[in-house]
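Here is how the chains run, residue by residue.
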Amino acid sequence: MQASQTVLERRYAALGLLLIAPTVLVFCAVIVYPLVSAIYLSLFSIFTPTLQGEWVGLDNYRTLLAKDEFWSSLVNNLIWTVGTLTLQILLGVGMALVLHQNIWFRSLARSLILFPYFISTVVAVLVWKWLFNDLYGILNHLMLAVGMIDMPVDYLGTMPNAMISVILVGAWKFFPFVVIAVLARLQTIPDALYEAARIDGAGPIARFFDVTLPQLRDVLVVIIMLRAIWDFKEFDMIYLLTGGGPITSTQTLPLLVYKEAFALNQMGMAAAYAVVMMLIMLVFMIVYIRRTRQEADT
Amino acid sequence: MIRRVAFNLFAWGIVLAVAFPLFWMLVTSVKPQFELFRRPPTFLPETWTLEHYIRLIQDTPFLTYFKNSIILSTATTLVVVAISTLGAYSLVRFKYRGRESLAFLVLFTYLLPSVVLIIPLYLMLVSMGLSNTIFSLVIAYTTFALPYALWLLRSFMAGIPEDLESAALVDGASRMGAFVDVILPQLLPGIISTALFTFILSWNEYLYALVLVNSDSARPLTTGVMNMLVSSFNIEWSLLMAASVMMSVPLIIVFAFLQSYLTRGFGAGGVKG
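Residues numbered from 1 in each chain as written. Chains lettered and ligands numbered in written order. Predicted model: local features only at pLDDT ≥ 70, side-chain atom pairs only at ≥ 80, totals over all residues. Heavy atoms only, no water.

**A closer look at the pairing of strand β1 (residues 44–47) of chain A**
Look at any regular strand and the pattern is simple: side chains alternate between the two faces of the sheet.
Turning to step 1, where the next piece is worked out: Every second residue of β1(A) is oriented toward a common face, the buried set being F44(A) and I46(A) and the non-buried set S45(A) and F47(A).
Turning to step 2, where the next piece is worked out: What sits between β1(A) and strand β2 (residues 52–55) of chain A in their antiparallel hairpin is a turn of 4 residues, with L51(A) showing a positive phi close to 60 degrees. (Buried < 20%, exposed > 50% of the residue type's maximum accessible area, 1.4 Å probe, protein only. Helix = DSSP H or I, 4+ residues; strand = E, 2+ residues; numbered from the N terminus. Pairing = 2+ DSSP bridges.)

Structure follows, in structure tokens:
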């Protein structure tokens, strides 16, 4: 009996390995191998069109750390991430609280709110570029009509407008993620907690800070970490809206990697930028993964 | 009562403000070109027209892009969902050495930025002679779609009670027999929602398409439509808005019919992580 058990267990383990084999193969081919070669490539100087490489060791990293462009891109990256993330969280939590109430046509309202998150960034950018249009854009027209501005504004071509616009469009596109996540959590808060707070004489604002917010804390931490990682590595939105411009005022690290590799044709240097960017993100990633693992264990 | 009405108006005010860009996209796409330059702009079109949609289909490579996107997203979804269903089953229900590290690797790659992988992937696909093909994009899309699908399906799989499988095994089913007869039907909602998310993700991808494909015959919608903006001397906003609407139609269909699946997927993977 004991022996047959282990035979069966061994056969199960073999079956388990067989089932995971396709995943492991694909992972090695398209993720692990490229990841390792990205690190390896960063030690070379490679000219993209000919793909001729020359070993330069850590020179790329030395050049990179001495370059102003790297540091300014990092600063831009942080401004974009913190700015858009803050707006996403504030808007997202606020909207979730509103949609949690019993408003008219609630499910329609929820669908409309979710929509920006599901459309392609390309569509979002095209629409916003049309809204931002300096001569015929509706945004300039409305703001002129209300009297907020005296002259049409150049939303994407000057600073600090370009950075503000990118942050705002980013918040518009990605805040629905926060709404869904918070809404799902709100629905699980027991009504009894609110009843108890009401009996104790807490008003709506006190109830929010004493009941809702502590209950939302865990989910908010997860959302903030995930969105921080995703916003930090965002490429499409910024590249398509401003292309990093004016000049390099909205250029973030992912855009810098792309420019170095495919516009300046320096693959090795680009790989070095990418590796450094990954190292910065690694801090967030490890914190997030640790947390997920802890949750899985408890 | 007045407070309730006021709150409703306030709530719907915000909802409509958020949805306004999408409304504007729709309105612009059915206005004739000359009406766009009216000042003040007309809120609803004075003359409704479908000329931009017709022009889009007849005079631009839009349909080729559309077809490419359909093939690309469907192929990616099928490959990824097939591999990850087996993989998730193995990760959740089998015990072997390295299982935990593998799960960790999946989560790690799920968070990995595309720009890190794109340089070596580009070199790899060029040296294999695969650049400018839809197939090369399927390979590239696997890099983000597979970890994502695995992670989602893993949490769906973990939600299926283990007793169901044990009962089938006691009744004499083989492990794979139990998987097909017991697990798969239970997992179906999870598989559908994972497939939908993977499809949306592939449909909307831009960076890999930008780098790997450089010919109209293999270009998907994202880079194709963006090209129409960049390459035109005189930007035809109505045409671009019509393209944006058409490009979002498959997403609207997915979204409207399967909203319950979508929200379930969000709860399982996107949030709990």
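**Brief notes about the packing of helix α3 (residues 68–100) of chain A against helix α4 (residues 106–118) of chain A**
Residues and elements named next belong to chain A.
Turning to step 1, where the next piece is worked out: Contact geometry of α3 with α4 gives a least axis separation of 10 Å together with a crossing angle of 160 degrees. Our classification of the angle between α3 and α4 gives roughly antiparallel. For the crossing formed where α3 meets α4, the hand is left-handed. Contacts between α3 and α4 involve M95, L99 and H100 from the former and R106, A109, R110 and I113 from the latter.
Turning to step 2, where the next piece is worked out: Looking at the contact of α3 with α4 residue by residue, the classes come out as 4 nonpolar, 1 polar and 2 charged. (Axes fitted to C-alpha atoms, helices over the stretch in contact; angles between N-to-C directions. Parallel < 35°, antiparallel > 145°, perpendicular 65-115°, else oblique. Left-handed = near helix turned anticlockwise from the far one by under 90°. Contact = heavy atoms within 4.5 Å. Nonpolar A, V, L, I, M, F, W, Y, C, P; charged D, E, K, R; others polar.)

**Looking at the domain arrangement of chain A**
All names here are of chain A.
Turning to step 1, where the next piece is worked out: Taken domain by domain, chain A comprises domain 1 (2–41) and domain 2 (60–297).
Turning to step 2, where the next piece is worked out: Each of domain 1 and domain 2 has a C-alpha centre, and these two points are 36 Å apart.
Turning to step 3, where the next piece is worked out: Taken residue by residue, the interface counts 4 residues in domain 1 and 4 residues in domain 2.
Turning to step 4, where the next piece is worked out: Of the roughly 320 Å² buried at the junction of domain 1 and domain 2 (both faces included), carbon and sulfur atoms supply 76%.
Turning to step 5, where the next piece is worked out: A per-residue breakdown of the area domain 1 buries against domain 2 is headed by A38, I39 and L41, which together make up 83% of the total. (Domains from an automatic or database assignment. Buried area = accessible area lost by both parts, 1.4 Å probe.)

**Section: the interface of chain B and chain A**
Often, the extent of an interface is quoted as the loss of accessible area on bringing the components together.
Turning to step 1, where the next piece is worked out: With 90 residues of chain B in contact, the opposing surface of chain A contributes 91 residues.
Turning to step 2, where the next piece is worked out: Carbon and sulfur atoms supply 83% of the area buried between chain B and chain A, which totals about 8300 Å² over both sides.
Turning to step 3, where the next piece is worked out: Viewed at the interface, chain A and chain B are joined by 0 salt bridges.
Turning to step 4, where the next piece is worked out: Inspection of the chain B/chain A interface yields 10 residue pairs in polar contact (both at pLDDT 80 or more).
Turning to step 5, where the next piece is worked out: Considering every element that reaches the side of chain B that touches chain A, the biggest residue donor is helix α1 (residues 2–29) of chain B, with 18 residues. (Salt bridge = Lys/Arg side-chain N within 4 Å of Asp/Glu carboxyl O. Polar contact = N/O pair within 3.5 Å; in protein donor to acceptor, adjacent residues only side chain to side chain.)

**Quick look at empty space enclosed by the protein**
Turning to step 1, where the next piece is worked out: All chains considered together, the criterion is met by 3 cavities of 30 Å³ or more.
Turning to step 2, where the next piece is worked out: If you add up the space inside the largest cavity, you get close to 920 Å³.
Turning to step 3, where the next piece is worked out: Looking at the largest cavity, it is lined by 34 residues, and the ones nearest its centre are F174(A), W230(A), K233(A), E234(A) and L201(B).
Turning to step 4, where the next piece is worked out: Going through the elements one at a time, α4, α7 (161–186) and α9 (204–232) of chain A together with α5 (99–111), α6 (114–127), α7 (134–158), α9 (175–204) and α13 (259–271) of chain B are the ones with two or more residues in the lining of the largest cavity.
Turning to step 5, where the next piece is worked out: The calculated volume of the second largest cavity comes to roughly 50 Å³. (1 Å grid on protein atoms, 1.4 Å probe; cavity = no way out; pocket = protein on both sides within 12 Å on 5 of 7 lines; lining within 4 Å. Points joined across faces, edges and corners; volume = space filled by probe spheres on them.)

**A closer look at the packing of α4(A) against α1(B)**
Turning to step 1, where the next piece is worked out: Across the interface, α4(A) lies against α1(B) with an axial gap of 9 Å and an inter-helix angle of 40 degrees. When the axes of α4(A) and α1(B) are compared, the pair comes out oblique. For the pair α4(A) and α1(B), the sense of crossing is left-handed. Mapping the contact onto sequence places L108(A), A109(A), L112(A), I113(A), F115(A) and P116(A) in α4(A) and W12(B), V15(B), V18(B), A19(B) and L22(B) in α1(B).
Turning to step 2, where the next piece is worked out: Considering only residue class, the contact of α4(A) with α1(B) consists of 11 nonpolar, no polar and no charged.

**Side note on the domain arrangement of chain B**
All names here are of chain B.
Turning to step 1, where the next piece is worked out: Domain parsing of chain B yields domain 1 (2–49) and domain 2 (59–271).
Turning to step 2, where the next piece is worked out: Between the C-alpha centres of domain 1 and domain 2 the distance comes to 33 Å.
Turning to step 3, where the next piece is worked out: Contact residues are listed per partner, giving 7 residues for domain 1 and 9 residues for domain 2.
Turning to step 4, where the next piece is worked out: Buried area between domain 1 and domain 2, both sides added, is near 600 Å², and the carbon and sulfur share of it is 70%.
Turning to step 5, where the next piece is worked out: If you sort the residues of domain 1 by the area they bury against domain 2, M25, S29 and Q33 come out on top, with a joint share of 66%.
Turning to step 6, where the next piece is worked out: Linking domain 1 to domain 2 there are 0 salt bridges.

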